[in-house]
Amino acid sequence: MGRTTPEWEGRSVRDSGWKLLKQAAATTVAASLLALPAGAQTLRDAVEGAWKLNPEVRSLEAQRAVATARRGAGEALVPAAPAVTLRHTSDYLNRNIGRREYEAELGVPLWLPGQGTATVRAGDALLARTDAEIAARQLAVAGEVRTAQWQVALAERRAELARQRLKVARQLEADTRRTARAGEIAEADHQLARAEALSVATDLRDEELALEEARQTFRTLTGMAPPKAAPEPDIGEPPLERHPSLQAARLGVRAAQAQRQLVDLTTRDSPEVGLMARRERDSREERYDTVFGVSVRIPFAVEAVNAPKRAEAATEVVRSEAEQANAARKVESDIRQARLAHQAASERLSIARDRAAALRGRLSNIERARRAGEISLVEYVRAQESAFEADLARATAEIQLGAARARMNQSFGVLP
C-alpha cells in the first residue's frame with residue numbers, strides 16, 4: 001500500500017506553494033511597476049503626452065499647412081505661374097529660300113474681379129476651422145485621459161481595500177488556528193477562516209491584475225505613468241460658444257460659405273496678358289526685322305462646367321450647417337447627462353457612506369458577541385464580508401463622484 005500523507009504535512013505543502021505563488025505575483029507586479037516610465041506630475045502633463053502620441057496630430061498639422069498655403073496663394077500677385085512660349089518657323093523643307101521666324105511670348109495670368117480677396121477669405125476661414133478642429137480633438141484626447149485616470153484610481157482603491165481585507169482575514173485565520181489547537185473552538189471554524197483568507201487572497205490578485213491593466217492602458221495612451229487622481233475644481237458653467245466642438249462646427253460653416261463665394265466668383269479660367277517679341281526675314285538676302293506686340297487671352301464662362309462646382313459648394317454649406325446643428329445637440333445632451341451623472345454620484349456616495357457606517361457598527365456588535373460565544377463564526381464572517389463590500393461600495397462611489405466632476409468639465413469643453 002502507498003504511503004498516506006498526513007493532513008498537517010499536506011497543509012504545509014499547500015502553504016509553501018501558496019507563499020511561493022504570492023512571492024512570484026509580488027515579484028511580477030514589482031517588476032512591472034519598475035518598468036513604468038516617470039509618472040506625470042499633473043493631469044495636464046498626461047494630456048500633453050497623449051496629444052503628442054495621438055496619430056491624428058500629423059494629419060491636423062498637414063491640414064493647417066494646406067490652409068496656410070491657400071491663404072498665401074490669395075495674396076500672390078497672380079493666380080497662377082506665368083508661362084513662356086517659344087516658336088520657330090522656316091521654309092527649309094519646301095522652298096528653302098531662307099525664310100526664318102523666331103518668336104518668344106511671356107503670358108501672365110490675371111485675377112478675376114474679387115477672386116484674390118475671396119481666396120484670402122477662404123484661406124483664413126479654412127485656417128480658423130483647422131485650428132478649431134485641433135482644439136476639439138485635443139479636448140477629445142483629454143476626455144480619454146480623464147477616463148483612463150479615474151479607472152486607475154478606482155482600481156487602486158479596490159486593490160487597497162482588498163489588501164486591508166486580506167490582512168483582517170489572515171488575522172482571523174491565525175486566531176482560529178491558535179484557538180483550535182487549544183481546543184477552544186472546532187477545527188471546522190479554523191478551516192472556514194482559512195478558506196475565507198484564501199478567497200480574499202484570490203480577489204486581491206484579481207484586483208492587482210486589474211490595476212496593472214488600467215495602468216498599462218494609461219501608459220499606452222499617454223506614454224507615462226498616471227498621476228495621483230484629484231477631484232477637479234468646480235468651474236461653474238462657461239459660455240457654450242467657447243466650446244471647442246461648437247467653435248469647430250461654426251467655423252466649418254464659415255469656411256464652406258467662403259469657399260462657395262470663391263466658386264461663385266471663379267466662373268471662368270484666369271484671363272492672360274502676353275508680351276511678344278518676334279524676329280523674322282523673308283529670304284537670305286534680307287535683314288532680320290524685330291516686331292513687338294501684346295496679346296490678351298479671355299476665356300469664356302461655360303455653365304456646364306460651373307454648375308457642378310456651384311452645386312458641390314452649396315452641398316458643403318448644407319452639410320456643415322447640419323453638422324453644426326448636430327454638434328449643438330450633442331453638446332447640450334452631454335451636459336445634461338453629465339449633470340445627471342454628477343447628481344446621481346453625489347446621492348450614491350451619501351447612501352454608501354451611511355450604509356458603510358451602519359454595517360461597520362453591526363460588525364463591531366457581532367464581533368463582541370462572537371468573543372462572548374453568543375454567535376457562530378459563520379455569522380461573523382458574513383458580517384465581515386458585508387462590511388467590506390459596503391466599504392468597497394463607498395470607495396467606488398467616491399471615485400465615481402470625482403469621475404463625474406471630470407465628466408462635467410469635459411462636457412463644458414474645459415481642458416485640465
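None of these values were measured; they are calculated from a predicted model.

Q: Pulling in residues and values, what's your account of the overall build of the protein chain?
A: The helix and strand tally for the protein chain stands at eight helices and four strands. Ordered by position from N to C terminus, the α and β elements of the protein chain give α-α-α-β-β-α-α-α-β-β-α-α. In summary, the protein chain has a C-alpha radius of gyration of 39 Å against a globular reference of 22 Å for 416 residues, an excess of more than 25%. Seen through its principal axes, the protein chain has C-alpha atoms that stretch 140 × 60 × 35 Å. By residue count, 35% of the 416 residues in the protein chain fall in the buried class. Long-range contacts, defined here as pairs at least 24 residues apart, represent 81% of the contacts in the protein chain between residues at least 6 apart. When the accessible surface of the protein chain is split by element, carbon and sulfur atoms take 54% of a total near 24800 Å². Across the protein chain, the 63 positively charged side chains and the 58 negatively charged ones have centroids separated by 2 Å.

Q: Before we move on, can you summarise the sheet that holds strand β3 (residues 272–281) with the specific residues and values?
A: Pairing within the open sheet is antiparallel, and its four strands lie in the order β1-β2-β3-β4. Whereas interior strands pair on both sides, the edge strands pair on one side only; in this sheet they are β1 (83–90) and β4 (289–297). Along the sheet, successive strands turn relative to each other by an average axial angle of 15 degrees, direction set aside. Across ten bridges, strand β2 (residues 100–109) lies against β3 in antiparallel orientation. By the bridge assignment, Leu106 is partnered in β3 with Leu275.

Q: If you had to explain unusual backbone geometry to someone new, which residues and values would you point to?
A: Notably, Asn96 is not glycine yet its phi reads approximately 55 degrees, a positive angle. By the secondary structure assignment, Asn96 is in the loop between β1 and β2.

Q: Can you tell me about the nonpolar core, naming the residues and giving the values?
A: Ranked by size, the top nonpolar core spans 19 residues in total, and within it Trp51, Val145 and Phe218 carry the most contacts. Of all the secondary structure elements, the ones that give two or more residues to this core are α2 (43–53), α3 (56–74), α4 (115–181) and α5 (187–222). The element that contributes the greatest number of residues to this core is α4, accounting for eight residues. Residues in contact with Trp51, not counting those within four places in the same chain, are Val57, Leu60, Ile134, Arg137, Gln138 and Val141. If you look at the next biggest cluster of nonpolar residues, it comprises twelve residues, including Leu172, Ala356, Ile366 and Ala383.

Q: Give a description of the packing of aromatic side chains that names residues and reports values.
A: Applying the stated criterion across every chain yields a total of one aromatic pair. Measuring from centroid to centroid gives 6.2 Å for Tyr102 and Tyr288, while their planes differ by 50 degrees, and the two rings are tilted. Linking Tyr102 in strand β2 with Tyr288 in the loop between β3 and β4, this pair joins segments that are 186 residues apart in sequence. Tyr102 sits in the partly exposed class, given a relative accessible area of 40%. The partly exposed category is assigned to Tyr288, whose relative accessible area is 29%. Just above the ring of Phe388 sits the side chain of Arg360; from NZ or CZ to the centre is 4.8 Å.

Q: Describe the environment of Asp391, and please don't skip the residues or the numbers.
A: With respect to the helices and strands, the residue Asp391 is situated in helix α8 (residues 377–411). We classify Asp391 as buried; its relative accessible area is 9%. Between the C-alpha atoms of Asp391 and Arg310, which are 81 residues apart in sequence, the distance is 65 Å. Apart from residues no more than four positions distant in its own chain, Asp391 is found in contact with Leu161, Ala356 and Arg360.

Q: How would you summarise the pattern of salt bridges if you had to cite specific residues and measurements?
A: Considering all chains together, one arrives at 32 salt bridges under this definition. The shortest N-O distance in the salt bridge between Arg87 and Glu103 comes to 2.5 Å. With Arg87 in strand β1 and Glu103 in strand β2, this residue pair connects regions lying 16 residues apart in the sequence. Overall, the relative accessible area of 12% leaves Glu103 in the buried class. In the salt-bridge network here, residues are joined through shared partners; they are Arg87, Arg99, Glu101, Glu103, Arg278, Glu280 and Asp282.

Q: Account for the pairing of β2, naming residues and giving values.
A: Examined bridge by bridge, β1 and β2 share eight bridges and lie antiparallel to one another. Following the sheet pairing, Ala83 is matched in β2 by Gly107.

The rules behind the values
- Residues numbered from 1 in each chain as written.
- Predicted model: local features only at pLDDT ≥ 70, side-chain atom pairs only at ≥ 80, totals over all residues.
- Heavy atoms only, no water.
- Helix = DSSP H or I, 4+ residues; strand = E, 2+ residues; numbered from the N terminus.
- Rg over C-alpha atoms; globule rule 2.2 N^0.38 Å.
- Buried < 20%, exposed > 50% of the residue type's maximum accessible area, 1.4 Å probe, protein only.
- Contact = heavy atoms within 4.5 Å.
- Areas by Shrake-Rupley, 256 points an atom, 1.4 Å probe, with all protein chains shown as cover.
- Lys, Arg positive; Asp, Glu negative; His and termini not counted.
- Charge placed at Lys NZ, Arg CZ, Asp CG, Glu CD.
- Pairing = 2+ DSSP bridges.
- Axes fitted to C-alpha atoms, helices over the stretch in contact; angles between N-to-C directions.
- Core = buried A, V, L, I, M, F, W, Y, C linked by side-chain atoms within 4.5 Å.
- Phe/Tyr/Trp six-rings, centres within 6.5 Å; stacked < 30°, edge-to-face > 60°.
- Lys NZ or Arg CZ within 6 Å of the ring centre and 35° of its normal.
- Salt bridge = Lys/Arg side-chain N within 4 Å of Asp/Glu carboxyl O.

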